[in-house]
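Structural overview
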Amino acid sequence: MITLLLVMLPELSHSEFKTEKLRCFSKTSPSLSRDGDLVIGSFLPLYSVEVGNVGGAELFRSHPDKGCRDYKWMHKNYQQVLALVFAVEEINRDPNLLPNSSSLGFHLYNSYHSDERTLESSLQWLTGQGQLIPNYNCLGQDQLVAIIGGATSALSIQMGTLLELYKVPQMSYGPFDSLLSDKSQFPSLYQLAHRDSFLSRGMVQLMLHFEWTWVGLATTNDMRGEEFLWNLRGDMVKKGICLAFTEKIPVSERRHTESQDLFLIRIMQSPVKVIIIHGDTDSLMILRYSQPIHVYFGKVWITTSHWDITMRPQKNDGYAFHGALSFSHMSNEIPGFKTFLRSVNPATYPEDIFLKVFWCSAFEDQEKLENQEPNVCSPNASLEALPLHIFDMTMSGLSYTIYNAVHAVARALHKMLLMTSERQYIRDGETWAPQPWQLHSFLRNIQFNNSAGEQVFLDDTRSSEAQYDIMNYLFYLNETELLVKVGQFIPGAPLGQDFTISTEAIVWGWLESKVPHAVCTNSCGPGFRKIPREGKPICCFDCSLCPEGEVSKQMNMKHCTKCPEDAYPNKKRDRCLPKAITFLDITEPLGMALACVALFFSVLTALILWVFVKFRVTPIVKANNQTLSYTLLISLTFCFLCSLLFIGRPTAATCLLRQTIFGVVFTVAVSSILAKTILVVLAFKVTIPASRGRVWLQPRVSNCVVLLCSGVQVILCGSWLGMSPPFPDTDTHSQPNQIIIECNEGSVLGFYSVLGYIGFLALGSFTVAFLARNLPDTFNEAKFITFSMLVFCSVWVSFLPAYQSTKGKAMVVVEIFSILASSAGLLGCIFIPKCYVILLRPNENNQEFIRKKSDCKSGKHSSRLSQGQRLHKAKEIPEE
């Protein structure tokens, strides 16, 4: 590689290397030097220079000064020079660091924020003369030991490529870059800056705090920018935050007035309100120097301290970023540094011509800004009087790293000197002359606490993570500017303590008084859920009302949640309300009305039974089998009363009894009617007095019919209760706002078997009664039974669809109504006409009236005997 450099420069004569007449050389040669036995080279960007677009091999064929045009002072970077001076003086005063026989000096070179100028300065430092001669060192007595340089990764790489040929330790003080940690490419390079691995996470925390989900990003188009973009996007996706756009700033155009890509206009035209700017001052010079100046109303800028937001080409354009938030490296204050800055002026260092040039430029700009008559470089002024955009009294992150770098080199030299002293004796007056490459073994293992109490490592693998102060940049109308701390982010701190911020202390942009609203679409309130838009980022969505039975209690819920079974959503569907427990209660009007009806009919049935017992000797009672009539009336009484078991809160006892008692008593009633109809038919079939068929007219036969039919029902109910009995249950689904306490029938087959058997008996009774409806007799019940069974069957046929289509207490009401209606139908159709005759027409309820009525019909029915006559002729058959 060294040979290559010599081959590429054959056409350049010695005269062409004489740079004392070149107008840029005064800025290229050491701007400031401090003699010492051991010398540190320092490359700091103090000027910005507009240069031509020369690259590749042409960079070596052309003169380094070719195309040199305008210079712009970067006043704030002069603090880095003073940090270097302060550190060197502090070391030289320390009796415990380096012996008095070895003093530390430095040579300061200007890197111009330019790749080619940085390379030229590096070669100038290695040569040690105005004449650039590779492989030769003409420094004389000064012993070069290390270089501090590389405000950016690009400059570090430019310097490292050349310095690695000589194994010179390079202390990079710019932002940490994982690319520079590759020791296979940069074995002689050491990074002192803290890692920024958690910077993206801190910014995401800030977005979450202010509920920003739609932000833009402007970052440098290099590996460091790509790494930040990757980390930021990964952290944002985890928290549901989206990047609206990404503007990649070309690093190759970092000199002012060179860029033709007006990306800032695109950013301003975007509706996105929060913009993240990531990069360093060198790479982002294009942002302030080549873009149109705007008043960025409605935008919130989030930056890092690597990009000094206060540095700008115009003195009065600070309003552009008013209200910006910056993540600044948190560091302890170096004792004595501010006092040192207050003492600095051209009189303090009269030999420093460069300080005088800076002083005149800085205070001349300030006086012009204040419309004052220029003083002769303001000899009695103080750096503290300069505004923030020219000079900052607070040590910057870069200055802090330079301070640590000088101390790291000094401590490594000290250890090396001690080891050398143990091995060989150094005579008085002899100069200790270590080679730069010998310093590496000591630098790799260096570890110390600086004067601020912070640990410093040069091992990249042990570099600590940065902690951040969140600063609010303010620019007032009187052109006063401040950086105010409003929060902090400390990675590794306990959850809840790692990120803190004072919202009330933040001053937003010129037109903003509240936290800006940075979303793609407005938030979905409680009661709604997010529906992603097809083909759009997840932050762009529509809001849809939660489905029936579900709620969302928070903002921007992706999914609604179902309410517990004992609760239901309110109308807004943003919370669950407890369901009301409901059942057919005796205290409510409907329950009370049904209970009263049941009691009324049961009492009425009991009264009819009393009438029949009282008038049991009358023909109308005796003619229709008294026992069956009594049985039917008693069973109807229980039918009315069993409906009361359906009213009230269901319990285990009532659930077991209600359907079984209903089934048994209804079976007794219907089987009694069936026995009556069979008796009527047999009475007309058996016409011969001595016939054996008269046995079927005996009362015990009808009683056996009732017992047999009822016994079958008892077996069915017993099987039902034995296999799957009814039990109390809750229905939480039928009614959205109610919990229905009901009886679960257990076995549906058992329930419908009981009901179906009653229906079978009723259909049989209806059929037999229908066939006997025209048989002649004054007391023939067939017509009344036919009509009563028609009413009974109609009620229960209507009951089935009504029962299946209703839920809760409405279902119970349907069954109670069916019980009462069918029972009342039987009572009214069979017994009310008889009570009418017994109570209101007693003259028709005697034997003489029956005989006269029979005589009147004898001509027409001479061949037939009435049912009553046949029954009376069969008096010899005793009644039970």
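Anyway, here's the lowdown on the structure attached to this text.

Calculation criteria
- Residues numbered from 1 in each chain as written.
- Predicted model: local features only at pLDDT ≥ 70, side-chain atom pairs only at ≥ 80, totals over all residues.
- Heavy atoms only, no water.
- Pairing = 2+ DSSP bridges.
- Helix = DSSP H or I, 4+ residues; strand = E, 2+ residues; numbered from the N terminus.
- Axes fitted to C-alpha atoms, helices over the stretch in contact; angles between N-to-C directions.
- Contact = heavy atoms within 4.5 Å.
- Disulfide = S-S within 2.5 Å.
- Buried < 20%, exposed > 50% of the residue type's maximum accessible area, 1.4 Å probe, protein only.
- Parallel < 35°, antiparallel > 145°, perpendicular 65-115°, else oblique.
- Left-handed = near helix turned anticlockwise from the far one by under 90°.
- Nonpolar A, V, L, I, M, F, W, Y, C, P; charged D, E, K, R; others polar.
- Patch = residues over 30% accessible without salt bridge, like charges linked within 9 Å, V, L, I, M, F, W, Y side chains within 5 Å.
- Areas by Shrake-Rupley, 256 points an atom, 1.4 Å probe, with all protein chains shown as cover.
- Salt bridge = Lys/Arg side-chain N within 4 Å of Asp/Glu carboxyl O.
- Arc of directions from axis to C-beta.

Here we look at the sheet that holds strand β25 (residues 580–582)
Pairing within the open sheet is mixed, and its three strands lie in the order β25-β27-β26. On the outer flanks of this sheet lie β25 and β26 (727–731), each paired with one strand and no other. For this sheet the average axis-to-axis angle between neighbouring strands, irrespective of direction, equals 30°.

Structural notes on the sheet that holds strand β11 (residues 274–278)
Spatially, the eight strands line up as an open sheet ordered β10-β9-β11-β12-β13-β16-β17-β18, and their pairing is mixed. Edge positions in the sheet fall to β10 (242–249) and β18 (499–501), since each has one partner strand and no second. Strand-to-strand, the axes of this sheet are offset by a mean angle of 25°, without reference to chain direction. In the sheet, β11 pairs with strand β12 (residues 300–304) via three bridges, with the strands oriented parallel. Note on β12: the bridge partner recorded for I276 is I302. Where helix α7 (residues 199–210) meets the sheet, it contacts β9 (214–220), β11, β12, β13 (325–329), β16 (468–475), β17 (481–489) and β18, and its direction lies at approximately 50° from that of β18. Packing against the sheet, helix α8 (residues 223–238) makes contact with β9, β10 and β11, and its axis sits at approximately 175° to β10.

Thoughts on the state of the cysteines
Throughout the structure, instances matching the rule amount to six disulfides. Note on cysteine connectivity: C546 is disulfide-linked to C560, with sulfurs 2.0 Å apart. Of note, the bridge from C546 to C560 carries an S-S torsion of about -80° and is left-handed in sense. Of this pair, C546 sits in the loop between β20 (541–545) and β21 (550–551) while C560 sits in the loop between β21 and β22 (561–562), and the two are 14 residues apart along the sequence. By relative accessible area, C560 is classed as buried at 12%. The disulfide that involves C563 links it to C576, with 2.0 Å between the sulfurs. When the S-S torsion is -90°, as for the bridge of C563 with C576, the disulfide is left-handed. Of the two residues, C563 sits in the loop between β22 and β23 (567–569) while C576 sits in strand β24 (residues 576–578), which places them 13 residues apart along the sequence. For C563, a relative accessible area of 13% gives the class buried.

Some points on the packing of helix α15 (residues 589–614) against helix α17 (residues 626–642)
For any two helices packed against each other, one specifies the crossing angle of their axes together with the interaxial distance. The contact between α15 and α17 brings their axes to 8 Å, and the two run at 165°. Judged by the angle between their axes, α15 and α17 are roughly antiparallel. Where α15 crosses over α17, the handedness of that crossing is left-handed. On α17, the residues that touch A598, L599, F601, S602, T605, A606, I608, L609, F612 and V613 of α15 are S629, Y630, L633, I634, L636, T637, F640 and L641. Per-class residue counts for the contact of α15 with α17 are 14 nonpolar, four polar and no charged.

Regarding a nonpolar patch on the surface
Residues L599, I634, F638 and L641 make up a contiguous nonpolar surface patch of roughly 330 Å² in combined accessible area. Ranked by residues supplied to the nonpolar patch, first place goes to α17 with three residues. With respect to the element layout, L599 can be found in helix α15. Since its relative accessible area comes to 41%, L599 is described here as partly exposed.

Topic: unusual backbone geometry
Even without glycine at this site, K167 takes up a positive phi of about 55°. When you line up the elements, K167 lands in the loop between α6 (153–163) and β7 (170–172). Using a relative accessible area of 40% as the deciding quantity, one classes K167 as partly exposed. Even without being glycine, R573 reaches a positive phi, approximately 60°. When you line up the elements, R573 lands in the loop between β23 and β24. With a relative accessible area of 17%, R573 lands in the buried category.

Describing helix α23 (residues 832–840)
Buried residues of α23: K834, C835, V837 and I838, and no others. The buried side chains of α23 occupy one side of the element, clustering within an arc of 160° when seen end-on.

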